Amino acid sequence: MRSLSTGSRSEARRLARLVGGEFERTLREIEAGSPLSDLDVIGPRPKAHSAITSVQRPKEKSISEAIALFRSDPAKSRTLKTDAHYGNLAEVVGGLWGPSRPISSIDREACRELLETLRWLPTNPAKRFPRLSPLQAARMAEERGLTSVLSPASVNGYMTKFSAVLNFATNEGWIDRNPARGLQVIDPVRKRDKRLPFSPDQLQLIFNAPLYTGCQDDWHGYAVPGPARPRRGRFWIPLIALFSGLRLNEACQLDVADLHLIDGVDCFYVTAGATEIGNDKRLKTASSERFVPVHPMLIEIGFMEFVSRRREAGDRKLFADLQRSSTGYYSDPFSKWFRRFLERAGAARPKTCFHSFRHCYRDALREARIEHEVALALGGWSSGNGGDGGDVAANYGRGYRAQTLLSAIEKVAYPRLDLSHLIGLDVADR
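Residues numbered from 1 in each chain as written. Predicted model: local features only at pLDDT ≥ 70, side-chain atom pairs only at ≥ 80, totals over all residues. Heavy atoms only, no water.

## Examining the overall build of the chain
The test is simple: Helix and strand assignments follow DSSP, with helices taken as H or I runs no shorter than four residues and strands as E runs no shorter than two, numbered in order from the N terminus. Burial here depends on accessible area, computed with a 1.4 Å probe over protein chains only, as a share of the maximum for the residue type. Under 20% is buried, over 50% is exposed, and the range in between is partly exposed. Every residue pair with non-hydrogen atoms within 4.5 Å of one another is taken to be in contact. Residue burial considers only the protein chains on display, and all accessible areas are found by Shrake-Rupley using a 1.4 Å probe.
In terms of helices and strands, the chain carries 19 helices and five strands. For the chain, buried positions account for 42% of its 430 residues. At a minimum sequence separation of 6, the contacts of the chain that also span at least 24 residues come to 68%. Total accessible area on the chain stands at roughly 23,500 Å², and carbon and sulfur atoms take up 51% of it.

## A closer look at the sheet that holds strand S5 (residues 290-293)
Put simply, the rule reads: A pair of strands is labelled paired if DSSP reports no fewer than 2 bridges between them. Only the stretch in contact is used when fitting a helix axis, every axis being a line fitted to C-alpha atoms; angles between N-to-C directions are given from 0 to 180 degrees.
With antiparallel pairing, three strands are arranged side by side in an open sheet as S1-S2-S5. Since the sheet does not close on itself, it has two edges, and those belong to strand S1 (259-262) and S5, each with one partner. Mean inter-strand twist for the sheet, computed between neighbouring axes without regard to direction, equals 40°. Here helix H14 (residues 303-312) sits on the sheet and contacts S1 and strand S2 (265-270); the angle it forms with S1, its principal contact strand, is near 115°. Sitting on the sheet, helix H19 (residues 402-409) is in contact with S1, S2 and S5, with an inclination near 50° to S5.

## Observations regarding the confidence of the model for the chain
Put simply, the rule reads: Along the chain, pLDDT gives the predictor's confidence residue by residue, from 0 to 100.
Of the residues in the chain, 78% have a pLDDT of 70 or more, and the chain-wide mean is 84. No element of the chain has a lower mean pLDDT than helix H18 (residues 390-393), at 46, and none a higher one than helix H9 (residues 200-207), at 98. The low-confidence segment residues 41-55, where pLDDT is below 50, has 34 contacts with residues more than four positions distant or belonging to other chains.

## What about the side chain of Ser356?
Heads up, the rule is: Pairing of N or O atoms within 3.5 Å defines a polar contact, subject to two protein rules: one partner must be a possible hydrogen donor and the other a possible acceptor, and residues neighboring in sequence count only if both atoms are side-chain atoms.
Considering the arrangement of structural elements, one finds Ser356 in helix H16 (residues 356-367). Assessed through its relative accessible area of 0%, Ser356 is described here as buried. One polar contact links the side chain of Ser356 to the main-chain carbonyl oxygen of Leu196, over a distance of 2.6 Å. Sequence-distant contacts of Ser356, defined by excluding residues within four places in its chain, comprise Leu196, Pro197, Phe198 and Lys351.

## Digging into the packing of aromatic side chains
Heads up, the rule is: Only the six-membered ring of Trp is used, alongside the rings of Phe and Tyr, when aromatic pairs are assigned; centres must lie within 6.5 Å, and planes under 30 degrees apart are stacked while those over 60 apart are edge-to-face, with the rest tilted. The criterion is that NZ of a Lys, or CZ of an Arg, lies within 6 Å of the ring centre and within 35 degrees of the ring normal, and then a charge sits over that ring.
This structure, assessed with the given rule, holds 27 aromatic pairs. Ring geometry for Phe198 versus Phe357: centroids 4.8 Å apart, planes at 65°, classification edge-to-face. Of this pair, Phe198 sits in the loop between helix H8 (191-194) and H9 while Phe357 sits in helix H16; the two residues are 159 residues apart in sequence, bridging distant segments of the chain. Residue classification places Phe357 among the buried residues on the basis of a relative accessible area of 0%. One cation-aromatic arrangement involves Lys161 over Tyr86; the distance from NZ or CZ to the ring centre is 5.9 Å. We note Arg362 situated over the ring of Trp381; from NZ or CZ to the ring centre the distance is 5.3 Å.

## A short note on the pattern of salt bridges
Spelled out, the test is: Each reported salt bridge corresponds to a side-chain nitrogen of Lys or Arg within 4 Å of a carboxyl oxygen of Asp or Glu.
All chains considered together, the criterion is met by eleven salt bridges. With a closest N to O distance of 2.8 Å, Arg247 and Glu250 form a salt bridge. According to the relative accessible area criterion, Arg247 is buried, its value standing at 12%. For Lys317, the salt bridge is made with Asp255, and the minimal N-O distance between the two is 2.7 Å. Of this pair, Lys317 sits in the loop between H14 and helix H15 (331-345) while Asp255 is found in the loop between helix H12 (248-252) and S1, placing the two residues 62 residues apart along the sequence. Among the charged side chains, a network of salt bridges with common partners joins Arg247, Glu250 and Arg290.

## Some details on a positive patch on the surface
Note the cut-off: Patch members must show over 30% relative accessible area and no salt bridge, and they are joined within 9 Å when carrying like charges or within 5 Å when they are nonpolar side chains of Val, Leu, Ile, Met, Phe, Trp or Tyr. His is not counted, nor are the chain ends, whereas Lys and Arg count as positive and Asp and Glu as negative. Where a charge lies is defined by one atom per residue type, namely NZ (Lys), CZ (Arg), CG (Asp) and CD (Glu).
Residues Lys127, Lys336, Arg339 and Arg340 make up a contiguous surface patch of positive charge. Looking at the positive patch element by element, the count peaks at three residues for H15. Among the secondary structure elements, Arg339 is positioned in helix H15. For Arg339, a relative accessible area of 48% puts it in the partly exposed group.

Rendered as structure tokens:
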């Protein structure tokens, strides 16, 4: 690679002819038997063409080095969970090709080999087949016809991350192009069908469980009928998700200070950022940051009284009883618990999980005929308008007034869900 050090097209043409002549001269001298040490192979002789400079290709990088440098790139910010996914990718790629394989040797055929390996890679291969490489585990799964393999979405997620690494390598000059570009598998399940909303019967089973009608405690005895009526994280978070539309981690990570009174409206402030104990708050996308009015049903059940008690106690976290995982998310432990909760409540069904509350919420906004842009603002969904300027337009103005959002969220209702047993009770939160 050689820079001609000029911004003039005509001058570049002239210099290119000189470089071409220099290259031909070098080839002739090599053919004539001149030793390479006597030749100026890297660049032209400085006295003859001082205006011409040369650039050497960066040192060859292995695939493991490329991934490691990509992960440590200071220009990018990733969560611990996302970085762990790249660590998993490094293990798969290293097990398939060996960590020292030059990244420049990765071509389209190699990328297809990775894709095929991922298609048959069992879930949790390191635990299920600790003595096998990813390639061996995938071949075994294919031979045995195992069904517990990575989903198409997971396969595509790995390929997207691998493509991001190759884009990085291209930008760094280690390879000329990205051979994994566009390489994906077809996902037969539509995105909207991967998760379903809870049915009215499921919702009633959930909110008629002992946790909501009387249990031994909200820790190990949450599913056992008893006299206790605790109202802490496990009690409030499903209700917040159903009526105010917060994602699981958005609700779990709330600080007491994230409840604001705006123009007379109690609102959740959904945000990310560092706190005095570190960066323990994360958002899915930039559009997720938003104010959401507290639904009147939550207020009627006693949520704002709960907030007041937490504020009076000097607590920083709204749900101090919740644990945070090693990846930095409060939602990981809660999600695992909620799966067990659904089973104990008799409410477990295919394609439903905690995220089904968000589907219920979106359907309730549709049923209420809420204006599309208002609904997006309430749910923290991006407009998905592509090139129509929707995302750019969202950067202008201050957004909807709190009263406007409250008027919309007041219409979110679930006519077949009876929560009368949660209203009017004076119960402690601990």
